[in-house]
Amino acid sequence: MFGWRAKIGMMIPTNNTVIEPEMAYFAPDGVTFHATRMVSSRTGTASIEGLHNLVSCVDRASEELSITGVDSVLYGCLSTSFAVEGWDQQFQEKTAAWMPTSAITALEATCLAIKSFGVSEVAVLCPYGEALQQLAASAFARHGLKITTLKSINVTGLRAVCGVPERDVYRAAREMDMCGAPLLCILATDLSTATIIRQLESDLAMPVVTTNQALCWATLNLAGVHDTVPQGGSLFANRFVR
């Protein structure tokens, strides 16, 4: 039997082919992840309009996951929280209307993961275009975090982001000037990072937080699973505090 310890629900954009295999990579024994998908764009290009369309899908997705009977729920699009004011709280309210299950957005999970290391400054690597890059700093500031430096690999096609090889993400991270930041954060749920986290932590001599890693850590804890996940890097040894 699968999911005998916890079943975790995921609301993810239709283009995202990264988050499901990464969650399976991180998942401890007895934990399963179950997804429902949301259409963000029919043009193949990321846009603010597409992010608002995702939001319109959440009631339907919440109903579906309520029937599934999951133990915690994640919202698997980080940039929605950049573009939609108050989205973290709105998401809590929308899911609570359908089920009593604890729920969390990608932005909240990422920021909580960073704070679990006791830091307030962070270097950021992302795939975003200029518009979302500009929104990232203010979104992090709302959570009490300062981005000391931000580097983008500038891949904005929805399918293209999912196809960026992990070696390219690794090299981009190694080439960054961290500007004194004690931690590197790699953003986006559709950017592959799972298998390079431990190597980056070793080579950079600092903690590394990625969005999918943070979502897994947060939702496991919300579901009452507190395992250390060796392949997930140093984050999984930290206490989850909301």
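Reading the values: rules and limits
Residues numbered from 1 in each chain as written. Predicted model: local features only at pLDDT ≥ 70, side-chain atom pairs only at ≥ 80, totals over all residues. Heavy atoms only, no water. Helix = DSSP H or I, 4+ residues; strand = E, 2+ residues; numbered from the N terminus. Rg over C-alpha atoms; globule rule 2.2 N^0.38 Å. Contact = heavy atoms within 4.5 Å. Areas by Shrake-Rupley, 256 points an atom, 1.4 Å probe, with all protein chains shown as cover. Buried < 20%, exposed > 50% of the residue type's maximum accessible area, 1.4 Å probe, protein only. Arc of directions from axis to C-beta. Pairing = 2+ DSSP bridges. Axes fitted to C-alpha atoms, helices over the stretch in contact; angles between N-to-C directions. Parallel < 35°, antiparallel > 145°, perpendicular 65-115°, else oblique. Nonpolar A, V, L, I, M, F, W, Y, C, P; charged D, E, K, R; others polar.

## What about the overall build of the protein chain?
Here's step 1: Secondary structure summary: the protein chain contains 11 helices and 8 strands in total.
Here's step 2: For the protein chain, the C-alpha radius of gyration of 16 Å lies close to 18 Å, the compact-globule estimate for 242 residues.
Here's step 3: Over its C-alpha atoms, taken along the principal directions, the protein chain stretches across nearly 45 × 40 × 30 Å.
Here's step 4: Excluding contacts between residues fewer than 6 apart, the proportion of contacts in the protein chain whose partners are at least 24 apart in sequence is 77%.
Here's step 5: Surface exposure of the protein chain reaches about 10,100 Å², of which carbon and sulfur atoms provide 50%.

## Looking at helix α10 (residues 197-204)
Here's step 1: Of the residues making up α10, those classed as buried are I197, L200, E201 and L204. Projected onto a plane normal to the axis of α10, the buried residues spread over an arc of 100 degrees and lie on a single side.
Here's step 2: Buried residues in α10 make contact with α1 (19-26), α9 (166-174), β7 (184-186), β8 (208-210) and α11 (211-222).

## Considerations on the sheet that holds strand β2 (residues 31-38)
Here's step 1: Overall, parallel pairing links the 4 strands, which are arranged β2-β1-β3-β4 in an open sheet. The two strands at the open ends of the sheet, each matched to only one other strand, are β2 and β4 (102-105). The sheet shows a mean angle of 20 degrees between the axes of neighbouring strands, direction not considered.
Here's step 2: In this fold α1 packs onto β1 (6-13), β2 and β3 (72-75), with an angle of close to 155 degrees to the strand it touches most, β1.

## Brief notes about the packing of helix α6 (residues 106-115) against α11
Here's step 1: One way to put it is that α6 packs onto α11 with a least axis distance of 8 Å and a crossing angle of 85 degrees. Relative to α11, α6 is oriented roughly perpendicular. Here α6 contributes A106, A109, T110, L112 and A113 to the contact with α11, which in turn contributes T211, A214, L215, W217 and A218.
Here's step 2: Here the residues of the contact of α6 with α11 are counted per class, giving 8 nonpolar, 2 polar and no charged.

## Observations concerning the environment of D59
Here's step 1: Here D59 shows up in helix α3 (residues 58-68).
Here's step 2: Exposure remark for D59: the relative accessible area of 35% places this residue in the partly exposed category.
Here's step 3: When the C-alpha atoms of D59 and G3 are compared, they prove to be 24 Å apart, with 56 residues separating the residues in sequence.
Here's step 4: Look past the residues within four positions of D59 in its chain and what remains in contact with it is K94 and W98.

## Quick notes on unusual backbone geometry
Here's step 1: Here the phi dihedral of N154 falls at roughly 50 degrees; this positive angle occurs in a residue that is not glycine.
Here's step 2: Position of N154 among the secondary structure elements: in the loop between β6 (146-152) and α8 (158-162).
Here's step 3: With a phi close to 105 degrees, A188 is a non-glycine residue in the positive phi region.
Here's step 4: Mapped onto the secondary structure, A188 falls in the loop between β7 and α10.

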